[in-house]
Amino acid sequence: MAPVVVGLGLVLLAVPLGLALGGEKIPALFMLAVLVLPIIGCLGLGVTLPRAAGRKLAATQALARTGTQAPARAIDWRQVAHEDASTEGELRLRVTLPSGDEVALSHTCDWSDCEAAGRGSSDRSVAVMLDLDTGVWAVVHTGYVRSWSAEL
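Structure report, in brief.

This part covers the pairing of strand β1 (residues 68-79). As paired strands, β1 and strand β4 (residues 125-131) are joined by six bridges and run antiparallel to one another. Looking at the pairing, R73 lines up with S125 of β4. As paired elements, β1 and strand β2 (residues 89-96) share seven bridges and run antiparallel to each other. What sits directly across from D76, in β2, is R92.

Here the focus is the environment of M129. Relative to the helices and strands, M129 resides in strand β4. Judged by relative accessible area, M129 falls into the buried class, the value being 7%. For the pair M129 and Q69, spaced 60 residues apart in the sequence, the C-alpha separation amounts to 4.4 Å.

Here we take up the nonpolar core. Ranked by internal contacts, the top residues of the largest apolar core, which has 18 residues, are L91, L93, V95, V126, V128, L130 and V139. Mapped by element, the contributors of at least two residues to this core are β1, β2, β3 (102-109), α3 (112-119), β4 and β5 (136-141). Among the elements that take part in this core, β1 stands out by supplying four residues, more than any other. Apart from residues lying up to four places away in sequence, V126 is in contact with A70, P71, A72, A74, L91, L93, A117 and V139.

Rules and cut-offs
Residues numbered from 1 in each chain as written. Predicted model: local features only at pLDDT ≥ 70, side-chain atom pairs only at ≥ 80, totals over all residues. Heavy atoms only, no water. Pairing = 2+ DSSP bridges. Helix = DSSP H or I, 4+ residues; strand = E, 2+ residues; numbered from the N terminus. Buried < 20%, exposed > 50% of the residue type's maximum accessible area, 1.4 Å probe, protein only. Core = buried A, V, L, I, M, F, W, Y, C linked by side-chain atoms within 4.5 Å. Contact = heavy atoms within 4.5 Å.

The structure is reproduced here in structure tokens:
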């Protein structure tokens, strides 16, 4: 995603530069609005997105090292409304902890396996990783920990 954002910043840079090289007089306020602000925004996102992804990867790797895998029962699937044509939905799960207590978890996802489990059109069992010491959990998708939360 970061290369796309940086690329967009470079495209935004090309527009006013093309106008300037074509001999057009460009007002300073236009240059500020069209050139500087979007480029700063795109470059800022281009720097922060990889950092955020790195933090999430580190948290996922830590959970994979310290967590234990457990089955969870899919209770329900609800489509999440988005402006785009997203297929993302919320999967509600019930997990029995080693202590015997049950907790309800909510997982937002766009994987068809999660939707099938939530709708009951496949096995309703979903694998989760739990770290009871930190309260962190994640749903495991085809062997990969995909998302997590601290809601245990």
